[in-house]
Amino acid sequence: GAVVSQHPSWVICKSGTSVKIECRSLDFQATTMFWYRQFPKQSLMLMATSNEGSKATYEQGVEKDKFLINHASLTLSTLTVTSAHPEDSSFYICSAPRRQGVATEAFFGQGTRLTVV
Amino acid sequence: SQKIEQNSEALNIQEGKTATLTCNYTNYSPAYLQWYRQDPGRGPVFLLLIRENEKEKRKERLKVTFDTTLKQSLFHITASQPADSATYLCAPANQAGTALIFGKGTTLSVSS
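Below is a short write-up of the structure. (Residues numbered from 1 in each chain as written. Chains lettered and ligands numbered in written order. Predicted model: local features only at pLDDT ≥ 70, side-chain atom pairs only at ≥ 80, totals over all residues. Heavy atoms only, no water.)

All names here are of chain A. Looking at the element boundaries, serine 5 is found in strand β1 (residues 4-7). Residues serine 5 and glycine 111 lie 106 residues apart in sequence; the distance between their C-alpha atoms is 8.8 Å. For serine 5, the residues in contact, after removing those within four places along its chain, are Glu22, Cys23, Arg24, Leu26 and Gln110. (Helix = DSSP H or I, 4+ residues; strand = E, 2+ residues; numbered from the N terminus. Contact = heavy atoms within 4.5 Å.)

This paragraph deals with the nonpolar core. Val4, Trp35, Phe67, Leu79, Tyr92 and Leu114 of chain A are the most contacted members of the largest nonpolar core, which has 25 residues in total. Elements represented by at least two residues in this core include exactly β2 (10-13), β3 (19-25), β4 (32-38), β5 (45-51), β7 (67-73), β8 (76-81), β9 (90-100) and β11 (112-116) of chain A. Dropping the residues within four chain positions of it, tyrosine 92 of chain A is found in contact with Gln6, Ile21, Tyr36, Arg37, Met47, Phe67, Leu79, Gly111, Thr112 and Leu114 of chain A. Residues Tyr25, Leu33, Trp35 and Ile77 of chain B belong to the second largest nonpolar core, which totals 23 residues. (Core = buried A, V, L, I, M, F, W, Y, C linked by side-chain atoms within 4.5 Å. Buried < 20%, exposed > 50% of the residue type's maximum accessible area, 1.4 Å probe, protein only.)

A word on the packing of aromatic side chains. Residues and elements named next belong to chain B. Applying the stated criterion across every chain, the model contains 12 aromatic pairs over all chains. Consider the rings of tyrosine 36 and phenylalanine 46, whose centres lie 5.7 Å apart with planes at 70°: the pair is edge-to-face. With tyrosine 36 in strand β4 (residues 32-38) and phenylalanine 46 in strand β5 (residues 45-51), the pair connects residues that are 10 residues apart, well separated along the chain. On the accessibility criterion, tyrosine 36 (0% relative accessible area) is buried. (Phe/Tyr/Trp six-rings, centres within 6.5 Å; stacked < 30°, edge-to-face > 60°.)

Attention shifts here to the sheet that holds strand β10 (residues 106-111) of chain B. Sheet strands pair by backbone hydrogen bonding; their relative direction is either parallel or antiparallel. Residue and element names in this part refer to chain B. Strand order in the open sheet made by the five strands is β2-β10-β9-β4-β5, with mixed pairing throughout. Each edge of the sheet is formed by a strand with only one pairing partner; in this case those strands are β2 (10-14) and β5. Between one strand axis and the next, the sheet turns by 25° as a mean value, whatever way the strands run. Relative to β5, β4 runs antiparallel, the two being bridged by six bridges. Along β5, the bridge assignment pairs arginine 37 with valine 45. (Pairing = 2+ DSSP bridges. Axes fitted to C-alpha atoms, helices over the stretch in contact; angles between N-to-C directions.)

Going through the model one piece at a time under the given rule, you end up with two disulfides over all chains. Between the sulfur atoms of cysteine 23 of chain A and its disulfide partner cysteine 94 of chain A the distance amounts to 2.0 Å. Around the S-S axis, the bridge from cysteine 23 of chain A to cysteine 94 of chain A shows a dihedral of about 80° and counts as right-handed. Taken together, the residues cysteine 23 of chain A in strand β3 and cysteine 94 of chain A in strand β9 connect sequence positions 71 residues apart. Cysteine 94 of chain A matches cysteine 23 of chain A in its accessibility class, with the two residues each being buried. For cysteine 23 of chain B, the disulfide goes to cysteine 90 of chain B, at an S-S distance of 1.9 Å. One quick way to see it: the torsion about the S-S bond of cysteine 23 of chain B and cysteine 90 of chain B is about 60°, and its sign makes the bridge right-handed. With cysteine 23 of chain B in strand β3 (residues 19-26) and cysteine 90 of chain B in strand β9 (residues 86-93), this residue pair connects regions lying 67 residues apart in the sequence. Looking at cysteine 13 of chain A, it has no disulfide partner, and the nearest cysteine sulfur is the one in cysteine 94 of chain A, 18 Å off. Owing to a relative accessible area of 8%, cysteine 13 of chain A belongs among the buried residues under this scheme. (Disulfide = S-S within 2.5 Å.)

To continue, consider the interface of chain B and chain A. With 21 residues of chain B in contact, the opposing surface of chain A contributes 21 residues. The junction of chain B with chain A conceals about 1700 Å² of combined surface from both sides, 58% of it contributed by carbon and sulfur atoms. The tally of links between chain B and chain A comes to zero salt bridges. Where chain B meets chain A, there are six residue pairs in polar contact (both at pLDDT 80 or more). Only β4 and β5 of chain B provide two or more residues apiece to the side of chain B that touches chain A. (Buried area = accessible area lost by both parts, 1.4 Å probe. Salt bridge = Lys/Arg side-chain N within 4 Å of Asp/Glu carboxyl O. Polar contact = N/O pair within 3.5 Å; in protein donor to acceptor, adjacent residues only side chain to side chain.)

Printed below as a string of structure tokens:
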């Protein structure tokens, strides 16, 4: 099956620093990828849609200047958490959809556990 | 606004029994619905997709039903095993290529 690779799987950083998370579709092209955030015992919350070759679209309440998204190629999207603060600590997951007829199957990365100290 | 509800946050059953998880949605008319499994600290893994014109879908020990009148999907795991213990998420969807919106999930614990 299709594989989406996310890196790193975990990261600890100091407050005020930036962290970059990569999401790659390994065996299919994804013009669109999605970034989610998940707090403990909560559902995955969609943060933004990453579009290859154009600007990302952000969900309401998500700061685009804080969460920078770059979709540089058909297989790579990156999320950079800028000037991270402890409240940004969370589990970040990317997803790349692959069309299956009229439906879309979403493939997820392994997730990145971000801890800001 | 669209709302997705999964019957309970936690479901505990004994090995060998059938687990039944419920997904209800409101203010929504999905063309299809997907079920995912998520283990702690991992991303969700796709299990099954059922389309609106399908009443039932099976895959090995898994069975999904989709009732568009009741706005409900049921997810069954027969002959459950401890290895089935995980959080199960449902995601109704309407349009190919759009982001999936998930329910909170039901955490299933199968005891031996």
